[in-house]
Amino acid sequence: MHYILVTGGAGFIGANFVLNWLSDLGADSIVNVDKLTYAGNLKSLASLEGNERHVFSQTDICDREALDQILAKYKPRAIVHFAAESHVDRSIHGPGEFIQTNIVGTFTLLEAVRAYWGTLEAADRDAFRFLHVSTDEVFGSLAAEDPQFSETTAYAPNSPYSASKAASDHLVRAYHHTYGLPVLTTNCSNNYGPYHFPEKLIPLVITNALAGKPLPVYGDGLNVRDWLYVGDHCAAIREVLARGRVGETYNVGGWNEKTNLDVVNTVCDLLDALRPKPKGSYRDQITFVKDRPGHDRRYAIDARKLERELGWKPAETFESGLRKTIEWYLDSQGWVQNVMSGEYRKWVATQYAV
Ligand code: NAD
Ligand code: TYD
């Protein structure tokens, strides 16, 4: 069997990627390395039980010895690196884990991969790829009239999360320039879709709405994000992995700039249509709460390089992607109940305490 190695494949985007990749029967097998933090959930991969093309290893990317063993055993032809601490609000409460996983973990992985890559035959070394999944948040915050982020926008990260991702991007870049490691980096906008942990805006609003709880909107609700359906993101990663130019970075976005209030209103309206309340609208549950410290005002991605070079464009509009997402949550209440663990409840109590 031929393998690719995926890190963080039990998280939101990683799990969608693993499921999407393995649905192609001609694609390589996957060795999936995930520490299973609060954000990792093997229930998202339940449909792969018994599938020999998926090998799961509960491993921390900071564990060099374990990574060396996995690389030597499965001899992957590529790495797709998703593993990270990913929630901005958590990075404000406790940045330490973000430094550890996002910076030290990426460094440890790069070192292990560099050593492994050095043992490959010349042709395999040339064909090898290390794809690093990053975020548009490394570029900082835009004013309303600014052009969207392009691949040449200067880095200006504002939160401990985005600063740690920026550091990891720089390390990946340096491993290409210094050691020749064949790397690719993608910087994507806010994803949404199935298997999204309900600490992030869209799944939080869907699950709170259905539970009759307040829908917390930070500040004035006019911060803007550029929403990307996770299935479109997975397709973009596959294109970049297959045909991206080594050493390049690619911005991935959905061309869907929306204020948070627009997003929350649209979720409420779709729920009103799909699962009407006996009386009133889900919009009645919207509650303005105190703002996030250092809250970036606007993110927006110019994804034209990916379209020009690799022909990738998102297939979903915000409305079509959101409808699919809400339908998935309505049909997947078992998955939702499972993630609403004690740990999750503790987080909600800390973050939304008045
Ligand atoms: P997530 O938080 O849902 O999942 C992260 C996964 O990484 C989890 O399964 C977790 O168990 C695993 N993990 C954490 N620390 C680890 C460690 N030390 N070793 C091994 N595994 C570890 O995150 P996500 O939303 O799926 O994001 C995936 C990647 O995409 C991240 O690198 C994130 O920065 C990036 N990204 C996400 C978004 C988004 O909107 N979700 C947007 C831009 C970029
Ligand atoms: P989030 O999903 O945390 O992603 P990010 O901060 O990485 O963009 O938040 C998306 C936007 O929604 C962001 O502007 C913060 C806002 N937000 C709320 O208004 N209320 C909430 O409860 C959460 C979690 C986020």
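Quick note: structure is the one above.
Residues numbered from 1 in each chain as written. Chains lettered and ligands numbered in written order. Predicted model: local features only at pLDDT ≥ 70, side-chain atom pairs only at ≥ 80, totals over all residues. Heavy atoms only, no water.

For this particular structure, what's the right way to read the overall build of the protein chain?
Across its full length, the protein chain carries 13 helices and twelve strands. Referenced to the eigenvectors of the C-alpha coordinate spread, the extents of the protein chain come out at roughly 65 × 50 × 40 Å. Of all 354 residues assigned to the protein chain, the portion counted as buried reaches 55%. If you take every contact in the protein chain between residues at least 6 apart in sequence, the share linking residues at least 24 apart comes to 82%. Approximately 15,000 Å² of the protein chain is accessible, and the part contributed by carbon and sulfur atoms is 52%. Taken as two groups, the 36 positive and 43 negative side-chain charges of the protein chain have centres that lie 2 Å from each other. (Helix = DSSP H or I, 4+ residues; strand = E, 2+ residues; numbered from the N terminus. Buried < 20%, exposed > 50% of the residue type's maximum accessible area, 1.4 Å probe, protein only. Contact = heavy atoms within 4.5 Å. Areas by Shrake-Rupley, 256 points an atom, 1.4 Å probe, with all protein chains shown as cover. Lys, Arg positive; Asp, Glu negative; His and termini not counted. Charge placed at Lys NZ, Arg CZ, Asp CG, Glu CD.)

Is there a simple way to explain unusual backbone geometry in this structure?
In the Ramachandran plot, lysine 75 falls in the positive-phi region, its phi being about 45 degrees despite a non-glycine side chain. Along the chain, the position of lysine 75 falls in the loop between helix H2 (64–74) and strand E4 (78–81). One non-glycine residue, tryptophan 255, lies in positive phi territory at about 55 degrees. Following the sequence through the fold, tryptophan 255 ends up in the loop between strand E10 (249–252) and strand E11 (257–259).

Please clarify how the site of ligand 1 should be interpreted in this entry.
Looking at ligand 1, there are 29 residues lining it, with Ile13, Asp34, Ser86, Tyr161 and Lys165 nearest. With respect to ligand 1, the backbone of glycine 11 contributes an N or O atom lying 2.9 Å from an oxygen atom. In the environment of ligand 1, an oxygen atom lies 2.8 Å from a nitrogen or oxygen atom belonging to the backbone of phenylalanine 82. Protein burial of ligand 1: of its 840 Å² of free accessible surface, 97% is covered by the chains. For the shell around ligand 1, the elements supplying multiple residues, two or more each, are helix H1 (12–22), strand E5 (129–135), helix H6 (160–179) and strand E7 (190–192). Here the shell around ligand 1 is composed, by residue class, of twelve nonpolar, 13 polar and four charged. (Near = heavy atom within 4 Å. Polar contact = N/O pair within 3.5 Å; in protein donor to acceptor, adjacent residues only side chain to side chain. Nonpolar A, V, L, I, M, F, W, Y, C, P; charged D, E, K, R; others polar.)

Can you help me understand the layout of surface pockets in this one?
The gaps of empty space that remain are located by a probe, the size of a water molecule, rolled over the atoms. Taken as a whole, the second largest pocket encloses approximately 690 Å³ of empty space. In this structure, the second largest pocket is lined by 30 residues; those nearest its centre are Asn208, Pro216, Val348, Gln351 and Tyr352. Every element with two or more residues in the lining of the second largest pocket is listed here: helix H3 (88–93), helix H7 (201–210), strand E8 (215–218), strand E12 (286–289), helix H12 (333–339) and helix H13 (342–351). For the lining of the second largest pocket, the element with the highest residue contribution is H13, accounting for five residues. Across the lining of the second largest pocket, the residue classes tally to 16 nonpolar, eight polar and six charged. (1 Å grid on protein atoms, 1.4 Å probe; cavity = no way out; pocket = protein on both sides within 12 Å on 5 of 7 lines; lining within 4 Å. Points joined across faces, edges and corners; volume = space filled by probe spheres on them.)

Can you walk me through the nonpolar core in this structure?
A general feature of soluble globular proteins is that nonpolar side chains tend to end up buried together. Core analysis: the biggest nonpolar cluster contains 67 residues, and Phe17 and Val80 have the highest contact counts within it. Of the residues forming this core, the biggest block, eight residues, is contributed by H1. Within the second largest apolar cluster, 25 residues are counted, among which are Leu109, Leu110, Val113 and Phe130. (Core = buried A, V, L, I, M, F, W, Y, C linked by side-chain atoms within 4.5 Å.)

How should I be thinking about the pairing of strand E2 (residues 29–34) in this particular structure?
Regular strands place side chains that alternate from one sheet face to the opposite one. By the criterion of burial, E2 is predominantly enclosed, with six of the six residues buried. The side-chain alternation of E2 yields two buried faces, one formed by Ser29, Val31 and Val33 and the other by Ile30, Asn32 and Asp34. Relative to E2, strand E1 (residues 3–7) is paired through five bridges, and the arrangement is parallel. Paired with tyrosine 3 across the strands is serine 29, a residue of E2. Chirality of the crossover, the property in question, places the unit of E1, H1 and E2 among those that are right-handed. In this structure, E2 lies alongside strand E3 (residues 54–58), joined through five bridges in parallel fashion. Each bridged residue has a counterpart across the sheet, and for valine 33 the counterpart in E3 is serine 57. (Pairing = 2+ DSSP bridges. Right-handed = clockwise from strand over helix to strand, strands pointing away.)

What should I look at first to understand the state of the cysteines in this one?
A covalent bond between the sulfur atoms of two cysteines is referred to as a disulfide. For the coordinates displayed, the defined rule picks out zero disulfides. Considering cysteine sulfurs only, cysteine 234 is the nearest to cysteine 188, which forms no disulfide, with 9.8 Å between them. By relative accessible area, cysteine 188 is classed as buried at 6%. (Disulfide = S-S within 2.5 Å.)

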